[in-house]
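Structural overview
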Amino acid sequence: MTLTAMRNRLLRVLLVLLCAAMPPAISATDATLSIAAASDLQFALKQVVRDFEAQEPGARVHLVFGSSGKLSTQIRQGAPFDLFFSADLSYAQALVDQGLTVGGVHPYATGRLVLWSARENVSTLTLADLGAERYARIAIANPRHAPYGQRAAEAIRASGVWEAIQDRLVYGENVSQTAQFVRSGNAQVGIVALSLVLDPALEDIGSHALIPQTLHQPLEQGHVLLRRAASKPVAQRFLRHLEGPAARAILAAYGFEIQGRQEDAER
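Bear in mind that the values here come from a model prediction, so they are computed numbers and not experimental data.

**Overview of the pairing of strand 5 (residues 113–117)**
- The element strand 5 is largely enclosed, with a buried count of 5 among its 5 residues.
- Side chains Leu-113, Leu-115 and Ser-117 project from strand 5 onto one buried face, and the interleaved Val-114 and Trp-116 project onto a second face that is buried too.
- Strand direction decides the pairing type here: strand 5 and strand 8 (residues 189–193), joined by 4 bridges, are antiparallel. Counted as the bridge partner of Leu-113 is Ala-193 from strand 8.
- Bridge analysis of strand 5 against strand 9 (residues 207–210) gives 4 bridges, and the strand direction is antiparallel.

Put into C-alpha cells, the structure is as follows:
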C-alpha cells in the first residue's frame, strides 16, 4: 500500500469516528412548532412567542388564530397543528375525548369581556344602555363557534336587552374580527376581549368598560398537546416557557386572569 493510500484510508477512519461522536442533528421539522390559538391571544401570544424564539435559537413557531370552534373542527379534520389554545375549555376537552391529544386539558387563564368603542366614550356604559336606539350596529363574535360571542350573548340576555338589540347585532367570525368591525366604524360599539383592547396599538383608541363576569359563564382558557407533537421536545419546552414568570406576566398585562392568581373580578 502506498503512502498516499494509507493517508487516505486514515482520513476516512478519522471522518467516521468524528461523525459517530457528533450528536444527531435536529431537523427543521423537529424545531418547528405550529400552534392554533383563539383570537383573544392575537397580541399576547405573539409576544410570548418572540421571547421563546429569542431563548431557543433555531426554534420557529407558526401561529394561526381563529375562533376556538372553527380551529377545533380543523384539527378533527386533520389540520397539522401541534398545540391548540382554546378560549373555552369545552372545545379542547372534546379533542381529548376523541383521542386526538396527549394528556388532558391544561387551564392557564381566564379571559374578560369588555364593551368597547373606537369613537365614543363608553367607559361608564352598561350593556343595558345598548337598548338606546342611537346604537344602530353592535358587534359581537359569532356565538355558533366563538366563545367570546357565546358569552356576549349570555351577558346581553342577562342584562335584559336581547330582544331590543338582536336585530342590530353584527357578527364577526371571531373576536379579533369583531374588534376590527368596531375599529373601522362598521359598528359603533362591540363586545370584545379585554386582551385585544389592551394592545398598545389599540389601548389609546376609544374607551372600554369591563362587563361583570356575573352576567356570563367564565371564559376559562386551556391548551392541549396534540398527538402529532408527542415526540417533539420543542413543544414541551414551549409549554414550560408558558408556565414561566415572564410569559405569565405578559398574559396578565393583556388582561388575562392567570390560573391560581385571579384577583377579585369586580375590583
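There is more to say after this.
**Looking at the sheet that holds strand 3 (residues 83–86)**
- Read across the sheet, 6 strands follow the order 2-1-3-10-4-11 without closing on themselves; strand pairing throughout is mixed. Whereas interior strands pair on both sides, the edge strands pair on one side only; in this sheet they are strand 2 (60–66) and strand 11 (257–258).
- Here strand 1 (residues 32–38) runs beside strand 2; their pairing, made up of 7 bridges, is parallel. Its bridge partner being in strand 2, Ala-36 is matched across the sheet by Val-64.

**Quick word on the nonpolar core**
- Ranked by size, the top nonpolar core spans 69 residues in total, and within it Ile-35, Phe-85, Trp-116, Ile-191, Phe-238 and Phe-256 carry the most contacts.
- The residues touching Phe-256, leaving out its near neighbours within four places in the chain, are Asp-40, Leu-41, Ala-44, Ala-109, Thr-110, Gly-111, Tyr-148, Ser-195, Gln-221 and Leu-251.
- Counting residues in hydrophobic clusters, the runner-up holds 11 residues, among them Leu-71, Leu-95, Val-224 and Leu-226.

**Comments concerning the confidence of the model for the protein chain**
- With 86% of its residues at a pLDDT of 70 or more, the protein chain shows a mean pLDDT of 89.
- Low pLDDT, under 50, characterises residues 261–267; the stretch is placed with 11 contacts to residues that sit more than four places away or in other chains.

**Side note on helix 10 (residues 245–253)**
- Of the positions making up helix 10, those classed as buried are Ala-247, Arg-248, Ile-250 and Leu-251. In a view along the axis of helix 10, the buried residues occupy a sector of 155°, so they form one face of it. Turned more than 90 degrees off the buried face of helix 10, the exposed positions are Pro-245 and Ala-253.
- Elements that come into contact with the buried residues of helix 10 comprise helix 2 (44–55), strand 4 (101–111), helix 9 (233–242) and strand 11.

Basis of the calculations
Residues numbered from 1 in each chain as written. Predicted model: local features only at pLDDT ≥ 70, side-chain atom pairs only at ≥ 80, totals over all residues. Heavy atoms only, no water. Buried < 20%, exposed > 50% of the residue type's maximum accessible area, 1.4 Å probe, protein only. Helix = DSSP H or I, 4+ residues; strand = E, 2+ residues; numbered from the N terminus. Pairing = 2+ DSSP bridges. Core = buried A, V, L, I, M, F, W, Y, C linked by side-chain atoms within 4.5 Å. Contact = heavy atoms within 4.5 Å. pLDDT = per-residue confidence, 0-100. Arc of directions from axis to C-beta.

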